[in-house]
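Now for the letters of each chain:
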Amino acid sequence: TTITVVTNTGATATCTVTVKEKAVVLDKDHITMLLEGTATLGATLGAGEKITNWHSNHEEVVTITVGENNTVTLVPHKAGAAIISVKTASGAEASCIVIVSDNSVALDNVTMELTEGDETILQAILGASVEIISWETSDDTVVSVTSKLGALETATIKALKAGNAVIKVTARKV
């Protein structure tokens, strides 16, 4: 694509813009998981690309088992954080932050930024034999939290006005 600028005196300048396809993109940029489960991470490759390496920067927290179709299974070992990265033959890289929780419940997002009027879904990740009792916000003038009876694993978060609030989910063993 060429961009041309013409001034009112007739002078011109041009710039040629080339947009390249990303060589590798991960299907998630962050994952929250519990100690008792596993998670899957996938990569989409640009034309002609090949994965040369998957890597966990903290294998004591989470290790990788390489699967088929450019995916890996993440196996947690202890609570903490790790960065999972993938590298292609052309040197392109992508990464995903993985948080491993030793609680019986975790949330799929630990921080979020919303604009007034935005809505998003917050997902609870539950351990075995755990059920959610309630969702709550520390400031119901900033965000509202709504969950549907029978579908308590998710809550709709709606931004009402500028400010900060903490979302809390309470769970119990069953």
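Refer to the preceding data block for the structure.
Small disclaimer: the values here were computed from a predicted structure and weren't measured.

1. Description of the environment of Ile31
Assignment of secondary structure puts Ile31 in strand 4 (residues 30–34). When its relative accessible area of 8% is taken as the criterion, Ile31 is described as buried. Through-space distance from the C-alpha of Ile31 to that of Val100 is 8.5 Å; in sequence the pair is 69 residues apart. Dropping the residues within four chain positions of it, Ile31 is found in contact with Ala39, Thr40, Leu41, Leu74, Cys96, Ile97, Val98 and Ile99.

2. Looking at the pattern of salt bridges
Using the criterion set out here, one finds 2 salt bridges in the structure. Notably, a salt bridge pairs Asp27 with Lys28, separated by 3.7 Å at the nearest N-O pair. With relative accessibility at 34%, the residue Lys28 sits in the partly exposed group. With its nearest N and O atoms 2.5 Å apart, the salt bridge here joins Glu131 to Arg172. Here Arg172 lies in strand 16 (residues 167–173) and Glu131 lies in strand 13 (residues 130–137), a separation of 41 residues in the sequence.

3. A closer look at the nonpolar core
Counting 22 residues, the largest nonpolar core has Leu26, Ile31, Leu41, Trp54, Leu74 and Val98 as the members making the most contacts within it. If one sorts the elements of this core by residue count, strand 10 (residues 93–101) sits on top with 4 residues. What Leu74 contacts, discounting residues up to four positions off in sequence, is Ile31, Met33, Thr38, Ala39, Leu41, Val62, Thr63, Ile64, Ile84 and Val98. The next biggest cluster of nonpolar side chains, apart from the first, holds 12 residues, and it includes Val105, Ala124, Val143 and Ile167.

What counts, and at which threshold
Per chain, the residues get numbers from 1 upward, laid out in the order the sequence is written. The predicted origin of the model limits local features to residues at a pLDDT of at least 70 and limits the giving and counting of side-chain atom pairs to 80 or more, whereas totals for whole chains, interfaces and linings rest on all residues. As a rule here, side-chain values cover all heavy atoms of the structure and leave hydrogens and water aside. Numbering of helices and strands starts at the N terminus; helices are DSSP runs of H or I of at least 4 residues and strands are runs of E of at least 2. Between buried and exposed lies partly exposed: a residue is buried under 20% and exposed over 50% of the maximum accessible area for its type, with that area taken using a 1.4 Å probe on protein chains only. Contacts are assigned to residue pairs that have any heavy atoms within 4.5 Å of one another. The salt bridge definition used is simple: a Lys or Arg side-chain nitrogen within 4 Å of an Asp or Glu carboxyl oxygen. In these notes, a set of buried Ala, Val, Leu, Ile, Met, Phe, Trp, Tyr and Cys residues joined through side-chain atoms within 4.5 Å is what counts as a nonpolar core.

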